[in-house]
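Each chain, written out:
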Amino acid sequence: MSVGCVILACTLLVGTSSGSKAGQPLKPPCRPGFTQNFYTVIVSRDILHGQSILKDTTLSSERVKFEDCQHSREVGFFSSDPNFSVRPDGMVYAEQEVANLSEPVQFMVTARGLHDPHIWETTVKLALAGHHHPLPLTKVGIEEMLSRVWDSQPRVIKFSRKHQRSSSANGLRRQKRDWVIPPINVPENSRGPFPHMLVRIRSDQDKDVGIRYSITGAGADQPPSGIYNIDPISGNMFVTQPLDREERASFHLRAHAVDMNGNQVENPIDLYIYVIDMNDNRPEFQNQVYNGSVAEGSKPGSSVMQVTASDSDDSTTANGMVRYRILSQTPHSPIPNMFTINSETGDIVTVAAGLDREKVSEYTIIVQATDMEGNLNFGLSNTATALISITDINDNPPELTVRTFSGEVPENKVNVVVTNLTVVDRDQPHSPNWNAVYRIVSGDPSGHFTIRTNPITNEGMLTVIKPVDFEMNRAFMLTVVVSNQAHLASGIQSSLQSTAGVTISIQDVNEPPVFPVNPKMIRFEEGVPAGTTLTVFAAQDPDHFIHQIVRYSKLSDPANWLKINRTNGQITTMALLDRESMYVKNNVYEATFLAFDNGKSGSPQASGTGTLQIYLIDVNDNAPVLIPREAQVCERARPNSRINITASDADADPNVGPFVFELPSFPASVRRNWTISRLTGDYAQLRLRIPYLEAGVYEIPVIVSDSGNPPLSNRSLIRVKVCPCDDNGDCSTTGAVAAAGLGTGAIIAILICIIILLSMVLLFVVWMKRREKERQAKPLLIDPEDDVRDNILKYDEEGGGEEDQDYDLSQLQQPESLDHIINKPAGVRRVDERPVIAESQYPVRPSLPHPGDIGDFINDGLRAADNDPTAPPYDSLLVFDYEGSGSTAGSVSSLNSTSSGDQDYDYLNDWGPRFKKLADLYGGGDDD
């Protein structure tokens, strides 16, 4: 049996390369090369002619894909099998007639660039469609077959005597070869012993010259290096360690033969090594726990979920073919086998009816995945858990707990819950299939009630939304229907218990009196006298079944114009109604009144309020008032020297403008000097009639009349300042003062007062300066009677006796030398001199002190000064001007002095106030 038959019998065909083991790798940037490391091409039996395949026959529509990122690369494909090759478009074809393809064929395809040295490789496996594997083998049979694979390897591989490839002008072209080197098959996970010999490489020239053999390629001298080696002398090629197909499925090595000088003896030959797959990987589920759901009441065959497991072994062999089955179902209700699983796809479906969420809400399924096509004797298995939730459908209508509910509510109350309607629903809580919706179908034509659903308890809260009057309805009989937010499932009927009756009793309460018209509007002319009856503002008591007495009182009357009769509600005026009052808004005056009953037994008094609005019709009771009250004009008549006047009237139309403005006939000077001209209905102009009027202030009377019936007039005074004007028609400053009513004499008097005031201020400032100079000029010599600097001061002390007279005058004498002071023992010092010792260290103030540290700095400095013996004063007894017992100077009598009076001391007067006294004594001044 050939090597290919042995591989097929063992069902250990070559799988994917190590690059695909880790799952789906990240897609890198475009990289030229084959898209896969391993291709499986299924050959249809339709292309067979008998049992053979004709030359140049395309074997399948499947392609060997090569990625050319530059789209301009010229690449040639070369096959390690002389019977099969690959066209430039990737189609696999028969290069020559093949007698039989009953066993799978595997070969290496090499891609080489025509103008660059790059080489790419992939493996192609050909298998006839519909091929069945032999019967399963036992573990012993598998080991026996593997040993046969080891033993079936070609023992000697010789170098070919002809060149395998030659170049031409048209590019690379494969030549016919003497024989084909078959691939070397090595099973993975072999136990050795290692190194294990695979083949022997031999050259026919080894008898003539000394040959040295070597191998190169990935697995030999390239990473992963050291897997294969060769004896350089004998040519024996070894595998040094167990192989793992999931890490690397194939190797491509090259064998070399050189002489002892390193010269090439033979052309290198290609060695293809395939790692045979073993079932050494368990199926692995993508998730350890799967979650799925199916609606309750689903029919058999309903899809639930899918579980997926993957096997790292060769998926084209039984080693990587996974099958699924269900091991257990929990709980077993209603039957133990409610679900089944598709053994190949992992789809879980229902196989029986009877799923009911209200009975079983979740199932736990243990699913097993086994390779070797599910063969439990030889396959490896793994398990996962599938949690199937039964989703709810609305197959349970809501049911009210009782057929009749009752409640009571006081009249005139709103947003009050009368009663709670309880309901039972077995569907999923807080879902549309469970949430209740209540409707009132009869008994409430006016819409006094509604039913709101409690979102937590699902109860119906019957609530009053419109006030109910006991005098009109003493009770209600309602019919209520409950349903769900979601419609009932198909085939489910509503329950009779979804309908119930509700009896509501209305409680009578003491209702307050009600004003029939509120607010009530009446119209009256303003100015009606006090005591006028305006209207009767009466209220009614809604409690028809109880006789009660209604009384009235005033609640709000801003102007205190009205009063109300306590028993019948008659409104009477107490003062004159004035439309122009601040309490009247938009001609309407509002007052509020209170009506209250005497209450019934057990109930307090009830009161109601009513608003009376009085629309006041205007009468002409306000005379117009002139505007403005002050103005100014030039003393000489000019076109623009005019005063615009108007009037204001507190009344309303038609008792206001247009106004009539006129000057009175008395005094006669008014009409002689002034005139009024009409501008519009509400405006007029006042101007000078004469060309010149002396500057001053004039009060001009103007009579203003409105348009009322009868009209009202008002004599108003306008104060006009007549003043000289500049070229622009504006009053000058002097003219404005003159116009203020001050004569020339008054102006002169004011100016004199201002001058006197300024003079007094100036004199006061001069006096203060002189006093300040005298204070600073302290004399150097003063009178003897004023001198207090005596050597002996009397403080009214009588002395302490003779002991106080015993003074040591030696302390006042100047010492002859300082030796006794310098040589004084430590600790002994004079009290009238600075000690000759090191000075104390005073604290140093920081450059940026904190405000809180200032006090501490002062206290530290004070303590240092108190304890410093070198700090003055040294003692109370000090020597200042004592010269000793002798004097080196002669007698002062030698100083010549004269009293002839020729000496001039007048220069002392130029030395300032400090020498003034001395100048007076020696300069012959007036003072003694």
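Keep in mind the model is a prediction, meaning the values are calculated, not measured.

Novice: What should I look at first to understand a positive patch on the surface in this one?
Specialist: Residues Arg642, Arg671, Arg687 and Arg689 make up a contiguous surface patch of positive charge. With respect to the helices, strands and loops of the structure, Arg687 is situated in strand β50 (residues 683-688).

Novice: Would you take a moment to explain the pattern of salt bridges for this structure?
Specialist: Two side chains carrying opposite charge are able to pair once their charged atoms lie near each other. The final tally for this structure, using the stated rule, is 13 salt bridges. Across the salt bridge formed by Arg63 and Asp89, the nearest N and O atoms sit 3.7 Å from each other. Residue Arg63 is located in strand β3 (residues 58-63), and its partner Asp89 is located in the loop between β6 (84-86) and β7 (91-94); the two are separated by 26 residues in the primary sequence. Judged by relative accessible area, which is 38%, Arg63 ranks as partly exposed. For Asp206, the salt bridge is made with Arg202, and the minimal N-O distance between the two is 3.3 Å. Its relative accessible area of 16% is what places Arg202 among the buried residues. A single network of salt bridges, built from pairs that share partners, joins Arg202, Asp204 and Asp206.

Novice: Is there a simple way to think about the sheet that holds strand β45 (residues 625-627) in this case?
Specialist: Within a beta sheet, neighbouring strands are joined by backbone hydrogen bonds and run either parallel or antiparallel to one another. Pairing is antiparallel across the open sheet formed by four strands, whose spatial order is β45-β47-β50-β49. Two strands in the sheet have a free side with no partner beyond their single neighbour: β45 and β49 (674-678). Across this sheet, the average inter-strand angle for adjacent strands is 30°, counted without regard to direction. Of the pairings in the sheet, the one linking β49 to β50 comprises five bridges and is antiparallel in character. Along β50, the bridge assignment pairs Arg678 with Ala684.

Novice: How should I be thinking about the state of the cysteines in this particular structure?
Specialist: Note on terminology: a disulfide is the covalent bond linking the sulfur atoms of two cysteines. As enumerated under the stated definition, the model contains two disulfides in all. Covalent S-S linkage joins Cys723 and Cys731, the inter-sulfur distance amounting to 1.5 Å. Cys723 sits in the buried class, given a relative accessible area of 1%.

Novice: Help me out: how do you make sense of the nonpolar core in this one?
Specialist: In globular proteins that are soluble, nonpolar side chains generally tend to be buried together. Grouped together as the largest cluster of nonpolar side chains are 27 residues, with contacts concentrated most on Ile201, Tyr228, Met237 and Leu271. Elements with a minimum of two residues in this core: β13 (184-187), β14 (196-202), β15 (212-216), β16 (228-230), β17 (236-239), β18 (250-258) and β19 (264-276). Top contributing element to this core by residue count: β19, with five residues. Once you skip the residues sitting within four places of it in the chain, Leu271 turns out to touch Ile157, Ile181, Ile201, Met237, Phe251, His252, Leu253 and Ala255.

Novice: Would you explain the pairing of β17 in this entry?
Specialist: In this sheet, β17 lies alongside β14 in antiparallel orientation, the contact comprising four bridges. Looking at the pairing, His196 lines up with Val239 of β17. Here three bridges tie β16 to β17, and the two strands are oriented antiparallel to one another. Bridge pairing in β17 links Ile230 to Met237.

Novice: Just checking my understanding: could you explain the packing of aromatic side chains for this structure?
Specialist: The description of two aromatic rings rests on the distance between their centres and on the angle between their planes. Under the criterion given, the structure shown has 15 aromatic pairs. Taking 6.4 Å as the distance between ring centres and 50° as the angle between the ring planes, the aromatic pair formed by Phe285 and Tyr324 counts as tilted. Residue Phe285 is located in strand β20 (residues 284-285), and its partner Tyr324 is located in strand β24 (residues 323-330); the two are separated by 39 residues in the primary sequence. When the centroid spacing of 6.5 Å and the interplanar angle of 50° are considered together, the rings of Phe515 and Tyr552 count as tilted. Highlighted residues: Phe515 in the loop between β37 (499-507) and β38 (520-525) and Tyr552 in strand β40 (residues 551-556), separated in sequence by 37 residues. As far as the burial class goes, Phe515 and Tyr552 line up, both buried. When the ring centre of Tyr93 is taken as origin, the NZ or CZ atom of Arg87, which lies over that ring, is 4.4 Å away.

Novice: I keep staring at unusual backbone geometry and nothing clicks. Help me out?
Specialist: Trans is the prevailing form of peptide bonds, just as negative phi is the prevailing case for residues other than glycine. Cis geometry marks the peptide bond from Ile627 to Pro628; its omega dihedral reads 0°. Its location among the elements puts Pro628 in the loop between β45 and β46 (630-634). Positive phi, close to 60°, is recorded for Asp56, a residue that is not glycine. Although it is not a glycine, Asn415 adopts a positive phi angle of roughly 60°. Here Asn415 shows up in the loop between β30 (404-410) and β31 (417-421).

What counts and how
Sequence order as written defines the numbering, with residues in each chain counted from 1. Totals for whole chains, interfaces and linings use all residues, but because this is a predicted model, local features are given only for residues with pLDDT of at least 70 and pairs of side-chain atoms are given and counted only at 80 or more. For side-chain calculations, the full set of non-hydrogen atoms in the structure is used, while hydrogens and water are omitted. The patches described consist of residues with a relative accessible area above 30% and no salt bridge, like charges being joined within 9 Å and nonpolar side chains (Val, Leu, Ile, Met, Phe, Trp, Tyr) within 5 Å. Using the Shrake-Rupley algorithm and a 1.4 Å probe, accessible areas are obtained, with residue cover drawn only from the displayed protein chains. Note on definitions: salt bridges are taken to be side-chain nitrogens of Lys or Arg within 4 Å of carboxyl oxygens of Asp or Glu. Positive residues here are Lys and Arg, negative ones are Asp and Glu, while His and the chain termini are left out of the count. A charged residue contributes its charge at one atom only: NZ of Lys, CZ of Arg, CG of Asp or CD of Glu. The numbering of helices and of strands both runs from the N terminus, where a helix is a DSSP run of H or I of at least 4 residues and a strand a run of E of at least 2. Residue exposure (1.4 Å probe, protein chains only): buried if accessible area is under 20% of the type maximum, exposed if over 50%, otherwise partly exposed. Strands are labelled as partners when DSSP assigns at least two bridges between them. For every element, the axis is a line fit to its C-alpha atoms; helices are fit only across the contacting stretch, and the angle between N-to-C directions ranges from 0 to 180 degrees. To count as a disulfide, a pair of cysteine sulfur atoms needs to be within 2.5 Å. Here the nonpolar core consists of buried residues drawn from Ala, Val, Leu, Ile, Met, Phe, Trp, Tyr and Cys, with membership extended through side-chain atoms lying within 4.5 Å. The criterion used for residue contact is that any of the two residues' heavy atoms lie within 4.5 Å. Stacked, tilted and edge-to-face are the three classes applied to pairs of Phe, Tyr and Trp rings, where Trp contributes its six-membered ring and a pair requires centres within 6.5 Å; stacked means planes under 30 degrees apart, edge-to-face means over 60, and tilted covers the rest. Throughout this description, the term charge over a ring refers to an Arg CZ or Lys NZ atom that lies within 6 Å of the ring centre and within 35 degrees of the ring normal.

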